[in-house]
Structures are given as C-alpha cells and as structure tokens.
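Architecture at a glance
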Amino acid sequence: YRDSKKSRYSSLKDDETAQFEAMYWIEQNTENTSTFIVKDVIASEQKNQFWIGDWFPAITHRKTLNTFYGNEWSNKPQLWLSDLELSNCKDTSCFENVSSIYNFNYTHVYIIKYPENGYIISSFAHSDDYQVIFENRKVMLFRHNISRFS
C-alpha cells in the first residue's frame, strides 16, 4: 500500500499530495449521496494554480455544489457568485446564509487550510452543527449535522 501511495503522488507538490489524500479518503469513507461545498476554490487557484474544483468530483465521485468546472456552458453565473461569496465568509453563520440563498443543501464542507481560512475553520470546529471527520496538514473536512434540522 505504501509503495502504491508513493507512486500515486510522486509528481505532485506537497499541497497537492495532502489534498489528493483527503479526496481519496472522501471517496472511501463518505456516502455516495454526500454533497460538498469546497472552500475555497478561488483561493486555491490564486495561490498555486492547483484547481481543486477540477479534481474533486473526479477523484471523490461526489457532488460539489459551488464548483463551476463542468458548468461553463450551462450559463450559471450564480455558481461564480456563490463561490465568491462563500470565499469571503469568516464564520458558519455567513456560510449557512450564503448556502441558503443559493439553495445549497450540503452534507460536508471541505476547507483548505490557508491562513485566510483560519477564522472560518475555528467557527466550524466550535460549532455543534459540524463535526470534524478528517484532517491532515492541508485540509479539514466537516460533516454537517443536518439531523438537528430535520
């Protein structure tokens, strides 16, 4: 297993390796019907040109709600707007309000550990509505405890 993992990631940068590890974990450990918000695709593009939005659905076989890749021809400007608004959120209240505006019914939130995401990571980690289910050096994955709202 260790050798296949090493060869799988051999051409990736450190940030990318951690993100691929998280995505493979998601594929193996979440329900097929899980829906994700990936925060933040915009920042990942600006930082290192690694476009998590391109890879996430292909690797995880899960749906992302705020990813515009694959929707370029569907004339859905709200995807760009929603991603921009979510990228600006600093707490779960803002995140949930923006998600509600765009009718995003998500089960999980994938957050890249960039310094500018520190406040929202802290907000998710201290919320009773979310549970950390995966963490590595570059990614935190939260499950939305939606049973409280059902």
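**Observations concerning helix α7 (residues 118–125)**
Looking only at α7, the buried set comprises I120, I121, S123 and F124. Seen from one end, α7 has its buried residues packed into an arc of 160°, which puts them on one side. Looking at the buried side of α7, the elements it contacts are β1 (35–39), α6 (92–101), β3 (108–112), β4 (130–135) and β5 (139–144).

**Digging into the environment of Y114**
One can find Y114 in the loop between β3 and α7. Assessed through its relative accessible area of 8%, Y114 is described here as buried. Residues Y114 and K138, 24 residues apart in the sequence, show an inter-C-alpha distance of 7.7 Å.

**Describing the pairing of β4**
As paired strands, β4 and β5 are joined by 5 bridges and run antiparallel to one another. Among the inter-strand pairings, F134 is bridged to a residue of β5, identified as L141. Two successive antiparallel strands, β4 and β5, enclose a turn made up of 3 residues.

**Some words on the sheet that holds β3**
Strand order in this open sheet of 5 strands is β2-β1-β3-β5-β4, and the pairing throughout is mixed. Bordering the open sheet on either side are β2 (63–64) and β4, each of which pairs with just one other strand.

**Considerations on the state of the cysteines**
Two cysteines joined by a covalent bond between their sulfur atoms form a disulfide. On inspection of all chains with the given rule, the structure shows 1 disulfide. There is a disulfide in this structure between C89 and C94, and the S-S distance comes to 2.2 Å. One disulfide, between C89 and C94, carries an S-S torsion of -65° and so falls in the left-handed class. Judged by its relative accessible area of 26%, C94 is partly exposed.

**So, unusual backbone geometry**
With glycine set apart, most residues show a phi of negative sign, and most peptide bonds adopt trans. Of note, the phi angle at H61 is positive, near 60°, even though the residue is not glycine. For H61, the position within the fold is in the loop between α4 (52–60) and β2. The exposure class assigned to H61 is exposed, which follows from its relative accessible area of 53%.

**Here's the deal with the side chain of S99**
With respect to the element layout, S99 can be found in helix α6. A relative accessible area of 1% places S99 in the buried class. In this structure, S99 is in contact with I37, L86, F104 and Y106, ignoring residues within four places of it in sequence.

**Topic: α6**
Among all positions in α6, only T92, F95, V98 and S99 are buried. Buried residues along α6 cover an arc of 130° about the axis, so they all sit on one side. α6 presents S100 and I101 as exposed residues on the side facing more than 90 degrees away from its buried surface. In the core, the buried residues of α6 are packed alongside β1, α5 (77–88), β3, α7 and β4. A side-chain oxygen of the first residue of α6 lies 3.2 Å from the backbone nitrogen of S93; this N-cap is D91. With its phi angle positive at about 55°, N103 sits one or two positions after the end of α6.

What counts and what doesn't
- Residues numbered from 1 in each chain as written.
- Predicted model: local features only at pLDDT ≥ 70, side-chain atom pairs only at ≥ 80, totals over all residues.
- Heavy atoms only, no water.
- Buried < 20%, exposed > 50% of the residue type's maximum accessible area, 1.4 Å probe, protein only.
- Helix = DSSP H or I, 4+ residues; strand = E, 2+ residues; numbered from the N terminus.
- Arc of directions from axis to C-beta.
- Contact = heavy atoms within 4.5 Å.
- Pairing = 2+ DSSP bridges.
- Disulfide = S-S within 2.5 Å.
- Polar contact = N/O pair within 3.5 Å; in protein donor to acceptor, adjacent residues only side chain to side chain.

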